[in-house]
Amino acid sequence: MKIITVLGARPQFIKAAPVSRELRKIHTELIIHTGQHYDANMSDIFFEELEIPKPDFHLGVGSGNHGKQTGEMLAKIEEILVDEKPDYLLVYGDTNSTLAGALAASKLHIPVIHIEAGLRSFNKKMPEEINRIMTDHVSDLLFCPTKTAVKNLENENILENVFNVGDVMYDAVDYNLKLAEDKSEILEKEKLTTKEYYLITVHRAENTDDHDKMKNVIDAFTRIKGDKVWPIHPRTRKVIEDQGFDLKEVPGLHVIDPVGYLDMLTLEQNARKIITDSGGVQKEAYFMQIPCITMREQTEWVETLEGNANILVGTDPEKIVSAVEKTVTPIYQDLFGDGKASVHISEMIR
Ligand code: UD1
Ligand code: UDP
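Residues numbered from 1 in each chain as written. Chains lettered and ligands numbered in written order. Predicted model: local features only at pLDDT ≥ 70, side-chain atom pairs only at ≥ 80, totals over all residues. Heavy atoms only, no water.

## Quick notes on the overall build of the protein
Stage number 1. A count of helices and strands for the protein gives 15 helices and 13 strands.
Stage number 2. Its C-alpha atoms put the protein at 55 × 40 × 40 Å along the principal axes.
Stage number 3. Going through the 350 residues of the protein one by one, you find that 57% of them count as buried.
Stage number 4. Long-range contacts, defined here as pairs at least 24 residues apart, represent 68% of the contacts in the protein between residues at least 6 apart.
Stage number 5. For the protein, the exposed area adds up to about 15,100 Å²; of that, 48% sits on carbon and sulfur atoms. (Helix = DSSP H or I, 4+ residues; strand = E, 2+ residues; numbered from the N terminus. Buried < 20%, exposed > 50% of the residue type's maximum accessible area, 1.4 Å probe, protein only. Contact = heavy atoms within 4.5 Å. Areas by Shrake-Rupley, 256 points an atom, 1.4 Å probe, with all protein chains shown as cover.)

Given below as structure tokens:
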């Protein structure tokens, strides 16, 4: 099969690493990079480190409001699809790049493959929720990471060509964890001691774009004792600068630029706990059995909440601090597949 994959944002590069490796054993794949993420440490570093094939097309769309960003991608992807006439278009997750790819292809009657289909937060204020619902409803092959995702699709009457193959991010962790142990020097570089620091990530628009929520989150970080390392997303760095939040006031805080995947896995694996609003990071915490505290009101990854592995706290500083201080002995289950989701996907496409 000739497949065109559309990528644009950091988590999609990571998901594509195992999938492209498998796809290319039996299919022909071309990659379109929309340019949604463009800083070297949000994009190039992943292509180099994870040996993701170089994009065949780079759209250079960059940042912008949702309409402009998605619209520009849509027009440019359509042109490529008309020229290339692939058998399938493949997208991951729930970003604006996902939606643009899915819409462009479905209007041209090119079947759409959606990896990480069926996730729902049931919060339509999230741009990701709109992107996922729209993408699932125009997709022809829907690869779900969990049973819950299959159920969510059933509830929306999407019943055909839905497969629970497991999570491709699990494949990525499985493949790279040993490499990370061998190669990453981030703990030495940041002078961090195993299990004596917390790892923080914050980038969700519902948090960063609300001054009070950001203030609460930073207040909570001020009250959490000990070392905290925060590889900061460019969106969040901009908000912090624009709004004049002073992170120097937060004791023990190491604010660092976004890191590559191997450094990130190392930071996750050695953290005492992880405090995040990221979708991918919640799952990686689960895979590596690191207690997670999620600063959101809902999560799509509901199964991680069982057994105290992940605690949803929103942005109330009291709740964040007490979840961080609470002693937990989480129970983990095998919920995300057999680490071969990418193999199953490639074979099922065939
Ligand atoms: C996007 C996705 C989100 C995903 C996240 C992964 C949408 C609607 N959101 O959010 O679902 O969780 O990626 O990280 O698609 N910026 C830079 N350099 C970059 C990229 C972004 O400076 O390389 C800054 C710009 O100021 C930009 C802002 O970050 O305006 C937001 O970027 P954008 O891609 O629109 O959304 P994310 O918050 O990254
Ligand atoms: N990640 C990374 N470096 C960082 C922060 C995150 O490599 O500095 C990885 C992380 O390990 C996970 C993915 O990026 O695999 C998650 O992406 P992000 O949090 O940006 O988006 P989300 O998953 O919420 O859509």
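## Some remarks on the side chain of Asp171
Stage number 1. Along the chain, the position of Asp171 falls in helix α7 (residues 168-183).
Stage number 2. Look at Asp171: it is buried, it has no salt bridge, and the nearest opposite charge is Arg21 at 7.5 Å.
Stage number 3. When residues no more than four places from it in sequence are discounted, the contact partners of Asp171 are Pro18, Gly339, Lys340, Ala341 and Ser342. (Lys, Arg positive; Asp, Glu negative; His and termini not counted. Salt bridge = Lys/Arg side-chain N within 4 Å of Asp/Glu carboxyl O.)

## What to know about the pattern of salt bridges
Stage number 1. Considering all chains together, one arrives at 22 salt bridges under this definition.
Stage number 2. The partner of Arg24 in a salt bridge is Glu29, and the shortest N-O contact between them spans 2.8 Å.
Stage number 3. A single network of salt bridges, built from pairs that share partners, joins Asp94, Glu129, Arg132, Glu206, Arg296 and Glu300.

## Brief notes about the site of ligand 1
Stage number 1. Taken together, 20 residues sit near ligand 1, with His37, Tyr38, Glu128, His203 and Arg235 positioned nearest.
Stage number 2. Gln36 is positioned such that a nitrogen or oxygen atom in its side chain is 2.9 Å from an oxygen atom of ligand 1.
Stage number 3. With respect to ligand 1, the side chain of Arg204 contributes an N or O atom lying 3.4 Å from an oxygen atom.
Stage number 4. Taken by itself ligand 1 offers 750 Å² of open surface, and the protein chains cover 87% of this. (Near = heavy atom within 4 Å. Polar contact = N/O pair within 3.5 Å; in protein donor to acceptor, adjacent residues only side chain to side chain.)

## Notes on the pairing of strand β2 (residues 28-33)
Stage number 1. Burial analysis of β2 places five of its six residues in the buried class, the great majority of the element.
Stage number 2. Strand direction decides the pairing type here: strand β1 (residues 2-7) and β2, joined by six bridges, are parallel. Each residue of the ladder has a partner; that of Ile3, found in β2, is Glu29.
Stage number 3. Each parallel crossover has a hand, and the one from β1 via helix α1 (residues 10-26) to β2 is right-handed.
Stage number 4. In this structure, β2 lies alongside strand β3 (residues 57-58), joined through two bridges in parallel fashion. When the bridges of β3 are listed, His33 appears paired with His58. (Pairing = 2+ DSSP bridges. Right-handed = clockwise from strand over helix to strand, strands pointing away.)

## A word on the nonpolar core
Stage number 1. Within the largest apolar cluster, 64 residues are counted, with the highest numbers of intra-cluster contacts made by Ile115, Leu267 and Ile349.
Stage number 2. For Ile115, the residues in contact, after removing those within four places along its chain, are Val19, Leu90, Val91, Tyr92, Gly93, Phe143, Val168 and Ile345.
Stage number 3. By size, the runner-up hydrophobic cluster in this structure holds 27 residues, among which are Val202, Val239, Phe245 and Met295. (Core = buried A, V, L, I, M, F, W, Y, C linked by side-chain atoms within 4.5 Å.)

## Overview of α7
Stage number 1. Along its 16 residues, α7 runs 22 Å from first to last C-alpha, staying within 8% of the 22 Å computed at 1.5 Å per residue.
Stage number 2. Its maximal kink placed at Asn176, α7 deviates by approximately 40°.
Stage number 3. Where α7 is concerned, the buried positions are Val168, Met169, Asp171, Ala172, Val173, Asn176, Leu177 and Ala180.
Stage number 4. Looking at the buried side of α7, the elements it contacts are α1, β5 (112-115), α12 (261-270), α13 (279-287) and α15 (341-349). (Expected span 1.5 Å × (residues − 1). Bend = angle between axes of the 7 residues up to and from the residue.)

## Let's talk about the pairing of β1
In the case of a regular strand, side chains alternate between the two sheet surfaces.
Stage number 1. Along β1, five of the six residues are buried, which leaves the element largely enclosed by surrounding structure.
Stage number 2. Of the pairings in the sheet, the one linking β1 to strand β4 (residues 88-92) comprises four bridges and is parallel in character. What sits directly across from Ile4, in β4, is Leu89.

## Thoughts on the packing of aromatic side chains
Stage number 1. Here the structure, examined in full by the defined rule, presents eight aromatic pairs.
Stage number 2. Pairing Tyr170 with Phe287 gives two aromatic rings, centres 4.9 Å apart and planes at 50°, and the pair type is tilted. With Tyr170 in helix α7 and Phe287 in helix α13, the pair connects residues that are 117 residues apart, well separated along the chain.
Stage number 3. Among the residues examined, Tyr170 registers a relative accessible area of 24% and is labelled partly exposed.
Stage number 4. Aromatic pair Phe287 and Phe336: ring centres 5.3 Å apart, planes at 75°, arrangement edge-to-face. Pair noted here: Phe287 is in helix α13 and Phe336 is in the loop between α14 (317-325) and α15, with a separation of 49 residues, a long-range link. (Phe/Tyr/Trp six-rings, centres within 6.5 Å; stacked < 30°, edge-to-face > 60°.)

## Some words on the site of ligand 2
Stage number 1. Looking at ligand 2, there are 19 residues lining it, with Arg204, Val259, Ser278, Gly280 and Glu284 nearest.
Stage number 2. Separating an oxygen atom of ligand 2 from a side-chain N or O atom of His203 is a distance of 3.4 Å.
Stage number 3. A distance of 2.5 Å is found between an oxygen atom of ligand 2 and a side-chain nitrogen or oxygen belonging to Arg204.
Stage number 4. Across the complex, the protein chains shield 95% of the 540 Å² of accessible surface that ligand 2 would expose by itself.
Stage number 5. Of all the secondary structure elements, the ones that give two or more residues to the shell around ligand 2 are α1, α12 and α13.
Stage number 6. Looking at side-chain class alone, the shell around ligand 2 contains 10 nonpolar, five polar and four charged residues. (Nonpolar A, V, L, I, M, F, W, Y, C, P; charged D, E, K, R; others polar.)

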